[in-house]
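# Architecture at a glance
Each chain, written out:
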Amino acid sequence: MQHQCDDHHSLSQAFQTNLYHDKEEQSHWEDVCTAYRQYATFALCTWSNHRNRLDALPDEQKKVLPKGLQNGTPEATERAKLFKDAAIRNQYCLDCILRHAGMPHSQQVGPTTTVVGDGQISKVTSVLKSLVRDWTIDGKGERDQAYEPILNAVMEHVPLGVGGDEAPKVCVP
């Protein structure tokens, strides 16, 4: 395993111990890191594949596509630029996560024969969606829908300032 850990590493000692002694967990960790590293490459290849399929359509079908999907239109050019910029920003975010975990990021590893599949990239995409939901203004609506009922129930059933000096504790699954 390529683990570039130093003494002040962000992973807990218990996790590191489990990781080093459990081959299945070690393999899974490497798969996750590989998927994070390959996100932008996978996303841009997927974009290219979609573009090729659209270009292969008969002309009469291409005519009914929205302007954003018709190759050569200003709308399609803008859409492609936005997608590529987003893929690069997402890769940067994932690289920051890898660096924080003490793992090599996408710019630190050479060519590899290991290619991640749709299932692994789908999980990476879910991580990115969760980050947007939980940490951005764009995710506020979904965040409120997901968490407000829980927060309201906690405030109702575990009120602050009742029953002593110690703050109430809530177990988060």
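Scroll up to find the structure this text is about.
Report follows, based on the coordinates. (Residues numbered from 1 in each chain as written. Predicted model: local features only at pLDDT ≥ 70, side-chain atom pairs only at ≥ 80, totals over all residues. Heavy atoms only, no water.)

### Details of helix H5 (residues 74-100)
Taking 1.5 Å of rise per residue, the 27 residues of H5 would be expected to cover 39 Å, and the 39 Å separating its terminal C-alpha atoms lies within 8% of that figure. Taken together, the buried positions of H5 are occupied by Ala 76, Ala 80, Ala 87, Gln 91, Leu 94, Asp 95 and Leu 98. In this structure, the buried side of H5 is in contact with helix H2 (23-37), helix H3 (39-55) and helix H6 (118-135). Trailing H5 by a residue or two, Gly 102 shows a phi angle of about 80°, which is positive. (Helix = DSSP H or I, 4+ residues; strand = E, 2+ residues; numbered from the N terminus. Expected span 1.5 Å × (residues − 1). Buried < 20%, exposed > 50% of the residue type's maximum accessible area, 1.4 Å probe, protein only. Contact = heavy atoms within 4.5 Å.)

### Looking at the packing of H5 against H6
Close contact between H5 and H6 brings their axes to 11 Å; oriented N to C, the two are set at 95°. As the angle between them shows, H5 and H6 are arranged roughly perpendicular. The segment H5 lies against H6, with Asn 90, Cys 93, Leu 94 and Ile 97 engaging Val 124, Leu 128 and Leu 131. (Axes fitted to C-alpha atoms, helices over the stretch in contact; angles between N-to-C directions. Parallel < 35°, antiparallel > 145°, perpendicular 65-115°, else oblique.)

### Let's talk about H3
If you check H3, its first and last C-alpha atoms are 24 Å apart, about what 17 residues at 1.5 Å a residue would give, namely 24 Å. Considered for burial, the residues of H3 that qualify are Tyr 39, Ala 40, Ala 43, Trp 47, Arg 51 and Leu 54. Down the axis of H3, the buried set is contained in an arc of 105°. They therefore lie on one face. The exposed set on the far side of H3, more than 90 degrees from its buried face, consists of Thr 41 and Arg 53. (Arc of directions from axis to C-beta.)

### Re the pattern of salt bridges
Throughout the structure, instances matching the rule amount to 5 salt bridges. Taking the shortest distance from any N to any O, the salt bridge between Asp 134 and Arg 133 comes out at 2.7 Å. (Salt bridge = Lys/Arg side-chain N within 4 Å of Asp/Glu carboxyl O.)

### A closer look at the packing of H3 against H5
Relative to each other, H3 and H5 sit at 160°, their axes nearing to 8 Å. The orientation of H3 relative to H5 falls into the category roughly antiparallel. Crossing handedness for the pair H3 and H5: right-handed. On H5, the residues that touch Tyr 39, Ala 40, Ala 43, Leu 44 and Trp 47 of H3 are Arg 79, Ala 80, Phe 83, Lys 84, Ala 87, Asn 90, Gln 91 and Leu 94. Taken together, the residues of the contact of H3 with H5 sort by class into 9 nonpolar, 2 polar and 2 charged. (Left-handed = near helix turned anticlockwise from the far one by under 90°. Nonpolar A, V, L, I, M, F, W, Y, C, P; charged D, E, K, R; others polar.)

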